[in-house]
Amino acid sequence: MSHELTLQELAEFSANFNADPKNQVIARAAARSGVLEASYNERVAGRLTRVFSTELPTDNVTNQKQSGRCWLFSTLNVLRHDFGAKHKAKNFTLSQSYNFFWDKLERANLFYEKVIETADKPLDDREVRSYFDFAGHDGGQWHMAVSLVKKYGVVPSYVMPESFNTSATNGLASALADKERKDALALRRLAQAGDQEGLEKARKTFLNEIYRMVAIAVGEPPKTFDLEYRDDDKNYHLEKNLTPVSFFNKYFDVDLDDYVVLTNAPDHEYGKLYHLGAEDNVEGGSPILFLNVPMEYLEQAAVAQLKDGEAVWFGNDVGRQMDHKTGYLDTDLYKLEDLFAVDLSLSKADRLATGVGEVSHAMTLVGVDEDKGDIRQWKVENSWGDKSGEKGFFVMSHNWFKEYVYEVVVHKKYLTKDQQELLSSTPVELAPWDSLA
């Protein structure tokens, strides 16, 4: 039965509000400073310290600026820590622009493929609409970065530095989205007509045009470069004429195929391997796979990897209970329930199922603080520059980790025997609109 708000009902609501004088005091505070500031819990500062029982050697941080490349920044941060530990160069950084360039090309290629595969479905079909919505998008997953690194390698940041269009990607993203969606209409018509020759010719033309657009906006990636740096002991190093792939293979002691995305998605069945094929970005690359397990396994594996001296990529919902200035991440940071006198609580499963919760950001774990085996807090390296948090580093309570962390990337050696066996199982295919997308 439908319900219409009546004037009598609204008058009753107003009377109830004004019956409590405290509401006016709270309303004035909230109106002047905003609901987050008015509900800010100062006591959190007394719990979150900047001391950690396990901590990787870190110094500078990176800055993704006005872009959605956190997934790529976090992956390259993990790799640069590997380089820093192996070659005693903790401030060495890698180019995000380089892999960003190739992602735009590869992603366009997969988009065209999905468009052709679904040409027999109407434009308002939910699957088709999901692909169109993702066109030109910056966001991504761990395995998307892995596919790019495995195929194209990496380069130091000085070889292909950040530019205006990598630091502020809206203009390029919008142009690519318009271009790819227009191309999609042409490809659909050719596919529906059964014109295979015309289809392949059009696809090649469109990809060539995408290459031109990205090369104009970002610049062409280098084919070779000279590696030059000073290590932490001020020793000079120079190796000439490296390719991006040979650089990665020679200087990075990591097999990316050995790493697993452990996810905690309680709206999905535990003990299952899931595949998000809709967001695979490189044809023939690493599929986007999630092994869904209870939260304690994410905690244990992340701690073990940190204790072995290796950083941890993790996906989270950073917009929840976060203070940009201090870098605090704590479930009690904003007491909105107290401010509004309402119950705002939802389980983690319900947040995912209703769209309230999502993996909105990726960061890097570089430390953990334990007390007799109990986790107190985590040290987080963000990619928002050194003006947020404490010189770019955040501190996260363990309660926040449990509530708002959904993924950690760890070496498969930290998994249980049963979990390792699940990696070879046939994955469950996720819809493009799944809560893990």
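Under the annotation held in an unreviewed UniProt entry, the chain carries the name Aminopeptidase and is attributed to Lactobacillus delbrueckii subsp. bulgaricus. According to UniProt, the comment filed for the chain under the heading Subcellular location (unreviewed entry) is "Cytoplasm". As recorded by UniProt, the Sequence similarities (unreviewed entry) comment attached to the chain reads in full: "Belongs to the peptidase C1 family."

**Student:** Explanation requested: the overall build of the chain in the structure shown.
**Tutor:** For the chain, the helix and strand inventory stands at 17 helices and 14 strands. For 437 residues, the compact-globule formula gives about 22 Å, and the C-alpha radius of gyration of the chain, at 24 Å, lands near that figure. In terms of principal-axis extent, the alpha carbons of the chain reach across some 75 × 65 × 45 Å. Expressed as a percentage of the 437 residues in the chain, the buried residues total 51%. For the chain, the proportion of contacts with a sequence separation of at least 24, taken over those separated by at least 6, is 76%. By element, 50% of the accessible surface of the chain is carried by carbon and sulfur atoms, the whole surface being about 21,100 Å². Measuring between centres, the 50 positive side-chain charges of the chain sit 5 Å from its 69 negative side-chain charges.

**Student:** How do you make sense of the pattern of salt bridges when you look at a structure like this?
**Tutor:** What the rule picks out here adds up to 23 salt bridges. Asp20 is paired through a salt bridge with Lys22; the nearest N and O atoms lie 3.3 Å apart. Given the relative accessible area of 28%, Asp20 is considered partly exposed. For Glu55, the salt bridge goes to Lys379, with nearest N and O atoms at 2.5 Å. With Glu55 in strand β1 (residues 54-55) and Lys379 in strand β11 (residues 374-381), this residue pair connects regions lying 324 residues apart in the sequence. Glu55 gets classed as partly exposed once you look at its relative accessible area, which sits at 40%. Assessed through its relative accessible area of 10%, Lys379 is described here as buried.

**Student:** Where do I start with the packing of helix α5 (residues 70-87) against helix α8 (residues 142-152) in this structure?
**Tutor:** Two quantities define a packed helix pair, namely the angle between the axes and the distance from one axis to the other. Contact geometry of α5 with α8 gives a least axis separation of 9 Å together with a crossing angle of 60°. Comparing the axis directions of α5 and α8 gives the class oblique. In this structure, α5 meets α8 at a crossing whose hand is right-handed. Mapping the contact onto sequence places Trp71, Leu72, Thr75, Leu76 and Leu79 in α5 and Trp142, Met144, Ala145, Leu148 and Val149 in α8.

**Student:** What's the story with a nonpolar patch on the surface in this structure? I'm lost.
**Tutor:** Together, Val35, Leu36, Phe340, Val342 and Leu344 make up an exposed nonpolar region whose accessible area comes to about 410 Å². On the basis of relative accessibility, which here comes to 47%, the residue Leu344 falls in the partly exposed class.

**Student:** What exactly am I supposed to notice about the UniProt feature "active site" (unreviewed entry) in the chain here?
**Tutor:** Residues annotated by UniProt as "active site" (unreviewed entry) correspond here to Cys70, His361 and Asn382. Maximum C-alpha separation among the annotated residues is 9.7 Å over a sequence range of 313 residues, consistent with a single clustered spot. Locating His361 in the fold gives a position in strand β10 (residues 361-371). In this structure, His361 is in contact with Gln64, Cys70, Phe314, Gly315, Asn316, Val318, Asn382, Ser383 and Trp384, ignoring residues within four places of it in sequence. On the basis of relative accessible area, Asn382 is assigned to the buried category, the value being 0%. Setting aside anything within four residues of it in sequence, one finds Asn382 in contact with Val61, Thr62, His361, Met363, Gly392 and Phe394. A polar contact of 2.9 Å, which involves the side chain of Asn382, links it to the side chain of His361.

About the thresholds
- Residues numbered from 1 in each chain as written.
- Predicted model: local features only at pLDDT ≥ 70, side-chain atom pairs only at ≥ 80, totals over all residues.
- Heavy atoms only, no water.
- UniProt positions renumbered as here; feature names shortened; annotations may be inferred.
- Helix = DSSP H or I, 4+ residues; strand = E, 2+ residues; numbered from the N terminus.
- Rg over C-alpha atoms; globule rule 2.2 N^0.38 Å.
- Buried < 20%, exposed > 50% of the residue type's maximum accessible area, 1.4 Å probe, protein only.
- Contact = heavy atoms within 4.5 Å.
- Areas by Shrake-Rupley, 256 points an atom, 1.4 Å probe, with all protein chains shown as cover.
- Lys, Arg positive; Asp, Glu negative; His and termini not counted.
- Charge placed at Lys NZ, Arg CZ, Asp CG, Glu CD.
- Salt bridge = Lys/Arg side-chain N within 4 Å of Asp/Glu carboxyl O.
- Axes fitted to C-alpha atoms, helices over the stretch in contact; angles between N-to-C directions.
- Parallel < 35°, antiparallel > 145°, perpendicular 65-115°, else oblique.
- Left-handed = near helix turned anticlockwise from the far one by under 90°.
- Patch = residues over 30% accessible without salt bridge, like charges linked within 9 Å, V, L, I, M, F, W, Y side chains within 5 Å.
- Polar contact = N/O pair within 3.5 Å; in protein donor to acceptor, adjacent residues only side chain to side chain.

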